[in-house]
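Each chain, letter by letter, is given below.
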Amino acid sequence: MSLIMNTKVPLIEPEEISSEDKIENEFGRLTSKKYLYSATSRCGKPSQDPVLDSPPYYISVITYLDYLILIILGHVHDFFGLTFQKERHRDIMERDGYAPWFSKFESFFVRRMKKHIDDCFSRPTTGVPGRFIRCVDRVSHSLNERFTYPGTVSMCLNLSSYNYLGFAQSKGQCTNAALKAVDDYGIHINGSRFQSGTTDLHLEAERYIADFVGKPDALIFSMGYGTNANLFNAFLDSKCLVISDALNHTSIRTGVRLSGAAVRTFKHNDMKVLEQLIRDMIVQGQPKTHRPWKKILICVEGLYSMEGTMCNLPKLIELKKKYKCYLFVDEAHSIGAMGPRGRGVCDVFGVDPADVDILMGTLTKSFGAAGGYIAAESSIINRLRLDLTTPSYGEPSPAPVLAQIISSLRTITGELNPGEGLERVQRIAFNSRYLRLALQRLGFIVYGIADSPIIPMLLYAPAKMPAFSRMMLQRKIAVVVVAYPATPLDESRVRFCVSAALTKEDIDYLLRHVNEVGDKLFLKVSSGKAGGSLDNKPPRWDIEEVIRRTPEDCKDDKYFII
């Protein structure tokens, strides 16, 4: 089976790839200008609540029954195993007076459920995660007890990486800049040159980031997770309050816990609940003393990576100003990938970045680099430079990484290769809207907003998650499946990660196979109310009609709005 249907780029084995074909496999060539979408600013208007589609009741019942059956069978297996096959369960048994390595109850989920589908997770890859990705082949033994590697790789269509704008390439201006930085700033063993600590590249990268997000100053970190995990203890203490969205990333939760601040959560994106919570906390004050809080910090994400939803930034700014709070926005997934100019949620909503006290983002996704940043007023950044432990005790970002950041930012803004950055932003906007609307019209339940490059498609039943992943891999398509505890128990899903490197023909190939697998696994359970229909047609469309009509309808579909 050829990897791509109806495409001019054939699948080429790694040893046969020429330089031109290699670039094409990393970043597909745009086949038509109509496959670009120019996003428009909302000009300060708050976002509408998305229309949520829910499955029929029998789907939820079957999902819970599946888990119940798995739990019962797992406990039965444990009982007989501990009775007749003790050697195979030594890690959960007491031996020679020593406690077991794992508790039977606490490790049950990992041993009896996750382990049996481990072949769907942490698949080793090699090479650049561009339009295609090379998955290292492996063979599972004894229900994923161990893996063996035959030494081959499979070239798969990549719907699994956060390479949103396709800057992770082995050739191009970013790679050239990174290689030049190695020569200019690298450590020479012969002692002719040695660079350590803060360099002019660090200062230049921070200046570019600050200008890009619209803030006076920025501070770069060498690790994205560590940016949040070490940030909050620099300016929060036990007399401060953090009001956090219920779906915030674990790095934010870790950082807030380390700060010692009091924490309250509100229902995801529910602004009425948030306002009532702020009012209650102001009235109650600190525990025991009931004195006013020293600070109240609202923490949200720009784009939520599991849901594909966006924060309601205009309303958050309104509440922040009304109640004199501070606002922190994590733009790990939105910066670079969203907005008319690719400048994140402030660009999407057309609000002044000065209204957001702290903007955080990572450099691993849209920019193809590594690390994270904090952008804020100069007084805040200078304070962080003094008090934050990460710059003092952590390693600095390497010169090639900084060169990659600067080069990608210069490309997006048009300073380098004018027009290329805007095209990448418009390509990912089109690809995201096209794939999401097509899946909805085929009958799948999809979460998130229109322009989100993260497209969660619901699978529900636990057995369908590994089945979907394995069937996609057989079709040479790399996807990410997610389940409990990362999602609610009854909402396992596949998370398509869209990139500007993909062509419209690549997404057509994906849709054909998702449509086929969806029929086999009975995944098309949408009521149609989220996607809507045009011209009084039924909610579910034929795959050929979707591929033929969706690109033209994507821009003006009245049912498909942010």
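Each residue is numbered by its place in its chain's sequence as written, counting from 1. Whole-chain, interface and lining totals are the exception, using all residues; otherwise, since this is a predicted model, local features are given only for residues with pLDDT of at least 70 and side-chain atom pairs are given and counted only at 80 or more. The basis for every side-chain value is the complete set of heavy atoms in the structure, and neither hydrogens nor water enter the calculation.

As annotated in an unreviewed UniProt entry, the protein chain carries the name serine C-palmitoyltransferase and comes from Eremothecium sinecaudum. UniProt positions are given in the numbering used here, feature names are shortened, and annotations may be inferred rather than shown by experiment. Its UniProt record, at the heading Catalytic activity (unreviewed entry), says of the protein chain: "L-serine + hexadecanoyl-CoA + H(+) = 3-oxosphinganine + CO2 + CoA". In its Cofactor (unreviewed entry) section, the UniProt entry covering the protein chain states "pyridoxal 5'-phosphate".

A. Spatial organisation of the sheet that holds strand β8 (residues 262-266). The rule for pairing is simple: two strands pair if DSSP sees at least two bridges between them. Strands are runs of DSSP state E lasting at least two residues, helices are runs of H or I lasting at least four, and both sets are numbered from the N terminus onward. With respect to topology, seven strands assemble into an open sheet ordered β6-β12-β11-β10-β9-β7-β8, the strand pairing being mixed. Edge positions in the sheet fall to β6 (217-221) and β8, since each of these pairs with one other strand and no more. This sheet shows a mean twist of 20° between the axes of neighbouring strands, independent of strand direction. Most of the contacts of helix α5 (residues 200-213) go to β6, to which it runs at about 125°, and overall it touches β6, β11 (358-362) and β12 (372-376). Only C-alpha atoms enter the line fits that serve as axes; for helices the fit covers just the stretch in contact. Angles between N-to-C directions range over 0 to 180 degrees. Note on contacts: a residue pair is in contact if any heavy atoms of the two residues lie within 4.5 Å.

B. Broad picture of the packing of aromatic side chains. The criterion for an aromatic pair is that two Phe, Tyr or Trp rings (for Trp, the six-membered ring) have centres within 6.5 Å, with stacked assigned to planes under 30 degrees apart, edge-to-face to planes over 60 apart and tilted to the rest. Evaluated as defined, the whole model comprises ten aromatic pairs. Geometrically, the ring pair formed by Y35 and F430 is tilted, given 5.5 Å between the ring centres and 35° between the ring planes. One end of the pair, Y35, is in the loop between α1 (19-26) and α2 (57-84); the other, F430, is in helix α14 (residues 420-442), with 395 residues separating them in the sequence. F430 matches Y35 in its accessibility class, with the two residues each being buried. Taken together, the aromatic side chains of Y35, F430 and Y434 make up a single cluster linked through ring pairs. Look at NZ for Lys and CZ for Arg. If either is within 6 Å of the ring centre and within 35 degrees of the ring normal, a charge sits over the ring. Sitting above the plane of the F27 ring, R424 keeps its charged end 4.3 Å from the centroid. Using a 1.4 Å probe on the protein chains alone, a residue whose accessible area is under 20% of its type maximum counts as buried, one over 50% counts as exposed, and one in between counts as partly exposed.

C. Quick look at a nonpolar patch on the surface. Patch membership requires more than 30% relative accessible area and the absence of a salt bridge. Residues of like charge join within 9 Å; the nonpolar side chains Val, Leu, Ile, Met, Phe, Trp and Tyr join within 5 Å. For accessible areas, the Shrake-Rupley method is used with a probe of radius 1.4 Å. Any residue's cover is judged against the shown protein chains and nothing else. Any carboxyl oxygen of Asp or Glu that lies within 4 Å of a side-chain nitrogen of Lys or Arg is treated as forming a salt bridge with it. Residues V61, L65, L68, I72, V76, F79, F80 and F84 make up a contiguous nonpolar surface patch of about 800 Å² in total accessible area. Structurally, F80 can be placed in helix α2.

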